[in-house]
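# Fold and contact review
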Amino acid sequence: MSLTRKLCSLGSHRVLEPAGALPQGARKLDATPVAHANEILCDVEALNIDSASFRQIVEASGGDPSAVAAHVLALVEDRGKHHNPVTGSGGMFIGRVRAVGEQLAERAGVKAGDRIASLVSLTLTPLRIDAIERIDMATGRIWIRGTAVLFETGLYATLPDDLPDDVALAVLDVAGAPAQVKRLVHAGQTVAVLGADGKSGMLACAQARERAGAAGRVVGFGPDRSTAAAQLLVEHGYVDAFVECDARDVLCVLGKLPEVLPELADVTINCVNVPGTELASILLTKDHGIVYFFSMSTSFTAAALGAEGVGKDVTMIVGNGYAKGHAATALQTLRDHPPLRRYFIERFGAAAIATAPPVVPVS
Ligand SMILES: NC(=O)c1ccc[n+]([C@@H]2O[C@H](COP(=O)([O-])OP(=O)(O)OC[C@H]3O[C@@H](n4cnc5c(N)ncnc54)[C@H](OP(=O)(O)O)[C@@H]3O)[C@@H](O)[C@H]2O)c1
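All of these numbers come straight from a predicted model, not from anything done at the bench.

It is worth spelling out the overall build of the chain at this point. Scanning the chain from N- to C-terminus turns up twelve helices and 14 strands. Taking 2.2 N^0.38 as the reference for a compact globule, 363 residues should give roughly 21 Å; the C-alpha atoms of the chain span a radius of gyration of 21 Å, in line with that estimate. In the chain, which comprises 363 residues, the proportion classed as buried is 54%. Relative to all contacts within the chain whose residues are 6 or more apart in sequence, the contacts with residues 24 or more apart total 71%. Of the accessible surface of the chain, which amounts to about 14,800 Å², a share of 53% is contributed by carbon and sulfur atoms. Of the side-chain charges in the chain, 33 are positive and 39 negative, and the distance between the mean point of each set is 3 Å.

Here's what the structure looks like:
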């Protein structure tokens, strides 16, 4: 790759179109696998596709793993990154550092051979896929052969020694959720978590329980109270109640409130992976309370106009995937809660790899 543009700490030198964009806003990136002076080049082992994005791709591919593989390959080939144009979201990767550019050699904190997880979105990460080896349709994990580039300002974490890599990947993908819950929830408060039995939802419930304490109340919402995750949340007291309902069905959510939430929530955390749940989140929350929209399916207009339409004076927070120390907080949440740790290992650990059938590489 002959580079004529000046190297930029934000990665704008990798933008192919449109001119003037930064990588996240770009339509297309140059994913040539070299490490420029201010870049880190990695051999990628697995992608953790953002849940909202993976769900959309699976639906568009009719649930067929080979069609999902073809879809992902075509998307990455077209854009030079995994940036789903429908959901606008990406995911993150784990891999091994192949080369560190000379400007970063002293300060990167990693060297060739180290295994890392990216903590910036795939929507801004130059990515090349040579082959897709396996897809776990249940978790959105895709094992590939390929390369990715991290910029000077990109965030990454070396993988912890005490957790399987695949588990760390699942946790780090949603690290912003438990970290923000830790900031937002206080002792004695009432907390509602939508999508409570997903990855971010479970970590959010555990953090909310810790912060709200025994005097507080944590209530989870999800479409199926019989899932292993929902049962674990109830059994181990991470939630005081798990309400079975479709969060898109506002009237159903409201109808359940008298039995589970004697008073509306001080803080509501939205961790669902489908659109159309803004109003339920808003209506679950008391005036002057906080709604934290971690979900990538959130619509700004639906939230803003929805709150106005029902006369709710709530503070709504966009779910920034980054919070200082979020990776450490998320991993520690798992370490501090053995039942959660066991569940994540069973669901996202090596067993998942063993059961994910190989897909026909379509490269
Ligand atoms: N802000 C950020 O930086 C960031 C980073 C990563 C992910 N995210 C987003 O955060 C959200 C959660 O991610 P995740 O990885 O935790 O996803 P996940 O593990 O797939 O969990 C999603 C949860 O939502 C539940 N759900 C689906 N439809 C629902 C409905 N109609 N009503 C109530 N609950 C419903 C799912 O239940 P079932 O499994 O029973 O369907 C599941 O428990 C996604 O939107 C993802 O894109 C945001």
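What follows covers the side chain of K312. One can find K312 in the loop between α9 (300–309) and β14 (315–318). Among buried Asp, Glu, Lys and Arg side chains, K312 stands out as unpaired, with D287 the closest opposite charge at 4.8 Å. A distance of 2.4 Å separates the side chain of K312 from the backbone oxygen of T285, its partner in a polar contact. Not counting residues within four places of it along the chain, the set of residues in contact with K312 comprises L264, I282, L283, T285, K286, D287 and A307.

The geometry of an aromatic ring pair is captured by two quantities: the separation of the ring centres and the angle between the planes. Under the criterion given, the structure shown has three aromatic pairs. Among the aromatic residues, ring-to-ring pairing joins Y343, F344 and F348 into one connected group.

Neighbouring residues of the ligand: 25 residues in total, closest D50, S51, D197, S200 and G319. Against a free-state accessible area of 920 Å², the protein chains account for coverage of 86% of the ligand. For the shell around the ligand, the secondary structure elements donating two or more residues are α1 (51–60) and α5 (199–212). The element best represented in the shell around the ligand is α1, accounting for three residues. When its residues are assigned to classes, the shell around the ligand shows ten nonpolar, eight polar and seven charged.

This next bit is on the environment of D166. One can find D166 in helix α3 (residues 165–173). Sequence separation between D166 and L47 is 119 residues; the distance between their C-alpha atoms is 9.9 Å. Among the polar contacts listed, one links the side chain of D166 to the side chain of R141, at a separation of 3.0 Å.

Looking now at unusual backbone geometry. Across the junction of E17 and P18, the peptide omega takes the value -5°, indicating a cis bond. Here P18 shows up in the loop between β1 (15–17) and β2 (28–29). Positive phi values are uncommon outside glycine, yet H288 reaches one of about 70°. Topologically, H288 is positioned in strand β13 (residues 285–293).

Enumeration according to the criterion identifies 18 salt bridges in this entry. The partner of D30 in a salt bridge is R14, with the nearest N and O atoms 4.0 Å apart. Within this pair, whereas D30 is found in the loop between β2 and β3 (39–49), its partner R14 is found in the segment before β1, the two being separated by 16 residues in sequence. Members of the salt-bridge network, linked through shared partners, are R14, D30 and E39.

Rules and cut-offs
- Residues numbered from 1 in each chain as written.
- Predicted model: local features only at pLDDT ≥ 70, side-chain atom pairs only at ≥ 80, totals over all residues.
- Heavy atoms only, no water.
- Helix = DSSP H or I, 4+ residues; strand = E, 2+ residues; numbered from the N terminus.
- Rg over C-alpha atoms; globule rule 2.2 N^0.38 Å.
- Buried < 20%, exposed > 50% of the residue type's maximum accessible area, 1.4 Å probe, protein only.
- Contact = heavy atoms within 4.5 Å.
- Areas by Shrake-Rupley, 256 points an atom, 1.4 Å probe, with all protein chains shown as cover.
- Lys, Arg positive; Asp, Glu negative; His and termini not counted.
- Charge placed at Lys NZ, Arg CZ, Asp CG, Glu CD.
- Salt bridge = Lys/Arg side-chain N within 4 Å of Asp/Glu carboxyl O.
- Polar contact = N/O pair within 3.5 Å; in protein donor to acceptor, adjacent residues only side chain to side chain.
- Phe/Tyr/Trp six-rings, centres within 6.5 Å; stacked < 30°, edge-to-face > 60°.
- Near = heavy atom within 4 Å.
- Nonpolar A, V, L, I, M, F, W, Y, C, P; charged D, E, K, R; others polar.

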